[in-house]
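Working through the structure, step by step
Take a look at the letters that make up each chain.
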Amino acid sequence: MGAKSADDILGTEYDWLAADGDGHVALFSTAGGGYAPEAFLEDTDAHAAAIEVILAHPTTTAARFAPALAAACENTWRQVAERGLFAFDADIDGGPYQLVAAPQVGINVADLPETAFDVVRRLTFPRLKFVTLRTLSMQALLQGR
């Protein structure tokens, strides 16, 4: 189990997964300064493993948009969008999460591989709808629970 505190992850990129009120799934990249919910901090290794499982599955849709990165860089945001996930990136200085990639067709949490489903079902924001959001502040995430 990879339990950490917010101070433990400060300054280091961590990715975590969550679902919204519609059952859509998103990947959040902290950029070293973004808000990290307690449910993620309780087991950061489980989130990393779930992301690996998702990326190991074949693509299911196209990315509606995703950033262009240099050929030598792995574009995880595009890869998760091609598997039906929304992708949000934070600011290293703690700014809000910004939508950086979105799928043509979003995957439902119930359709995730079992390992990923077990992780995502523990971190749900029932008051949020990823499909309508461009920016997510820490306050919006806290209120979304």
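Calculation notes
- Residues numbered from 1 in each chain as written.
- Predicted model: local features only at pLDDT ≥ 70, side-chain atom pairs only at ≥ 80, totals over all residues.
- Heavy atoms only, no water.
- Helix = DSSP H or I, 4+ residues; strand = E, 2+ residues; numbered from the N terminus.
- Contact = heavy atoms within 4.5 Å.
- Buried < 20%, exposed > 50% of the residue type's maximum accessible area, 1.4 Å probe, protein only.
- Lys, Arg positive; Asp, Glu negative; His and termini not counted.
- Salt bridge = Lys/Arg side-chain N within 4 Å of Asp/Glu carboxyl O.
- Polar contact = N/O pair within 3.5 Å; in protein donor to acceptor, adjacent residues only side chain to side chain.
- Phe/Tyr/Trp six-rings, centres within 6.5 Å; stacked < 30°, edge-to-face > 60°.
- Lys NZ or Arg CZ within 6 Å of the ring centre and 35° of its normal.

Points about the environment of Leu 27
Tracing the chain through its elements places Leu 27 in strand β2 (residues 25–29). Taking the C-alpha atoms as reference, Leu 27 lies 16 Å from Ala 140; in sequence the two are 113 residues apart. Excluding its chain neighbours within four sequence positions, the residues that come into contact with Leu 27 are Asp 15, Trp 16, Leu 17, Ile 51, Trp 77, Val 80, Leu 85, Phe 86, Ala 87 and Phe 88.

Let's talk about the environment of Gly 106
Of note, Gly 106 is situated in the loop between β5 (97–103) and α5 (114–120). Classification of Gly 106 as partly exposed rests on a relative accessible area of 26%. Each C-alpha atom of the pair Gly 106 and Ala 19 lies 11 Å from the other, and the pair is 87 residues apart in sequence. The residues touching Gly 106, leaving out its near neighbours within four places in the chain, are His 24 and Gly 84.

As for the side chain of Arg 83
Among the structural elements, Arg 83 can be located in the loop between α4 (76–81) and β4 (86–89). One buried charged residue, Arg 83, remains without a salt bridge, the closest side chain of opposite sign being Glu 82 at 4.3 Å. Looking at Arg 83, its side chain comes within polar contact range of the main-chain oxygen of Gln 79, at 2.9 Å. Residues within four places of Arg 83 in sequence aside, it is in contact with Ile 54, Leu 55, His 57, Pro 58, Thr 59, Thr 60 and Ile 107.

Overview of the packing of aromatic side chains
Describing an aromatic ring pair means giving the distance of the ring centres and the angle of the ring planes. In the structure shown here, the tally under the stated rule is 10 aromatic pairs. Ring centres of Tyr 14 and Phe 40 lie 6.2 Å apart, and the angle between their planes is 65°; this geometry places the pair in the edge-to-face category. Linking Tyr 14 in the loop between α1 (6–9) and β1 (15–20) with Phe 40 in helix α2 (residues 38–41), this pair joins segments that are 26 residues apart in sequence. Judged on exposure class, the residue Tyr 14 and its partner Phe 40 are both buried. Grouping aromatic residues by their ring pairs yields a cluster made of Tyr 14, Trp 16, Phe 28, Phe 40, Phe 86, Phe 88, Tyr 97, Phe 125 and Phe 130. Directly above the aromatic system of Phe 125 lies the positively charged group of Arg 145, at a separation of 5.5 Å from the ring centroid.

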